[in-house]
Amino acid sequence: NYRNTDKIVAKILLAVPAEIGRPQVGAGEVCEQFEDGADGVARAAKRLRDRGEQWSDMCVVVLGDAAEVMIALENSGIPHRSSLSGSGVLVATPEFVQGLEFRDVILYLGADLDPKTVARFYVGASRARATLTLVDPIGTYSALVESNLR
């Protein structure tokens, strides 16, 4: 695992039955988790910005309704985009970001648990190089962890 920190890998392994190898980049920052709606995505992005991170280094990976996330960012005055070109926070699906990596990932878990959720969670979470923030309005992460521990 060449991209993720120890803390990101630990968060992923709680929810995903996968062998993803040892992290190669060090301990990293604590992964944050909030049981919050789309407004929580905007608050998380602002916290990262207040710490000096650039909007363009952030990606919001959405499992659920991307429109509500875009509205929350817009209402908070946060520049955002839905393509790789341009500036601002990228808002995308796990399918769109597969194969890419970002310094800071905010993973919005606004979708119910279904057979594809595990793979989509893994792809979204594993895009993060430095920070991973989970915004989980409906308890999807807890359901993933519970399912993985069975």
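Data block above holds the structure.
Here is a short report on the structure shown in this document. (Residues numbered from 1 in each chain as written. Predicted model: local features only at pLDDT ≥ 70, side-chain atom pairs only at ≥ 80, totals over all residues. Heavy atoms only, no water.)

Focus: the pairing of strand β6 (residues 128–135)
Part 1 of the argument: With respect to burial, β6 is a largely interior element, seven of its eight residues being buried.
Part 2 of the argument: Across three bridges, strand β1 (residues 32–34) lies against β6 in parallel orientation. Bridging from a neighbouring strand, Glu-32 pairs with Thr-133 of β6.
Part 3 of the argument: With six bridges connecting them, strand β5 (residues 102–109) and β6 associate as parallel partners. Bridge pairing in β6 links Tyr-108 to Val-135.
Part 4 of the argument: The β-α-β motif built from β5, the intervening helix α5 (residues 117–125) and the parallel element β6 has right-handed crossover chirality. (Buried < 20%, exposed > 50% of the residue type's maximum accessible area, 1.4 Å probe, protein only. Helix = DSSP H or I, 4+ residues; strand = E, 2+ residues; numbered from the N terminus. Pairing = 2+ DSSP bridges. Right-handed = clockwise from strand over helix to strand, strands pointing away.)

Some details on the environment of Ala-125
Part 1 of the argument: Within the secondary structure layout, Ala-125 lies in helix α5.
Part 2 of the argument: Distance in space between the C-alpha atoms of Ala-125 and Tyr-108 is 10.0 Å, their sequence separation being 17 residues.

Brief notes about the packing of α5 against helix α6 (residues 140–149)
A pair of packed helices is captured by two measures, namely the crossing angle of their axes and the spacing between those axes.
Part 1 of the argument: α6 packs onto α5 with a crossing angle of 110 degrees between their chain directions and a minimal axis gap of 11 Å. The angle between the axes of α5 and α6 places the two elements in the roughly perpendicular class. The hand of the α5/α6 crossing is left-handed. Across the interface between the two elements, Thr-117, Val-118 and Phe-121 from α5 touch Thr-140, Tyr-141 and Leu-144 from α6. (Axes fitted to C-alpha atoms, helices over the stretch in contact; angles between N-to-C directions. Parallel < 35°, antiparallel > 145°, perpendicular 65-115°, else oblique. Left-handed = near helix turned anticlockwise from the far one by under 90°. Contact = heavy atoms within 4.5 Å.)

Concerning the packing of aromatic side chains
Remark: the centre distance and the inter-plane angle together describe each pair of aromatic rings, the angle taken between the planes.
Part 1 of the argument: Counted according to the given criterion, the structure contains one aromatic pair.
Part 2 of the argument: An angle of 45 degrees between the planes, with centres 5.7 Å apart, marks the rings of Phe-121 and Tyr-141 as tilted. You can see Phe-121 sitting in helix α5 and its partner Tyr-141 sitting in helix α6, a full 20 residues away along the chain.
Part 3 of the argument: By relative accessible area, which is 4% here, Tyr-141 ends up buried. (Phe/Tyr/Trp six-rings, centres within 6.5 Å; stacked < 30°, edge-to-face > 60°.)

Overview of helix α3 (residues 66–75)
Part 1 of the argument: Those residues of α3 that fall on the buried side of the exposure criterion are Val-69, Ala-72 and Leu-73. For α3, the buried positions fall inside an angular range of 100 degrees around the axis, keeping them on one side. More than 90 degrees from the buried face of α3, the exposed residues found are Ile-71, Glu-74 and Asn-75.
Part 2 of the argument: Buried residues belonging to α3 abut α2 (38–50), β2 (58–63), β3 (80–81), β4 (89–92) and β5.
Part 3 of the argument: Looking at where α3 begins, the residue whose side-chain oxygen comes 3.0 Å from the main-chain nitrogen of Ala-67 is Asp-65.
Part 4 of the argument: Residue Gly-77 follows α3 closely and has a positive phi angle near 75 degrees. (Arc of directions from axis to C-beta. Polar contact = N/O pair within 3.5 Å; in protein donor to acceptor, adjacent residues only side chain to side chain.)

Let's talk about the nonpolar core
Part 1 of the argument: Formed by 24 residues in total, the largest nonpolar core has its most connected members in Leu-107, Phe-121 and Leu-132.
Part 2 of the argument: Contributing elements (two or more residues each) for this core: α1 (6–15), β2, β4, β5, α5, β6 and α6.
Part 3 of the argument: Counting residues per element, this core draws most heavily on β5, at four residues.
Part 4 of the argument: When neighbours within four sequence positions are excluded, Leu-107 is seen to be in contact with Val-61, Leu-63, Phe-121, Gly-124, Ala-125, Leu-132, Thr-133, Leu-134 and Val-135.
Part 5 of the argument: One finds Ala-45, Val-91, Ile-106 and Tyr-108 within the second-largest nonpolar core, a separate group that totals 19 residues. (Core = buried A, V, L, I, M, F, W, Y, C linked by side-chain atoms within 4.5 Å.)

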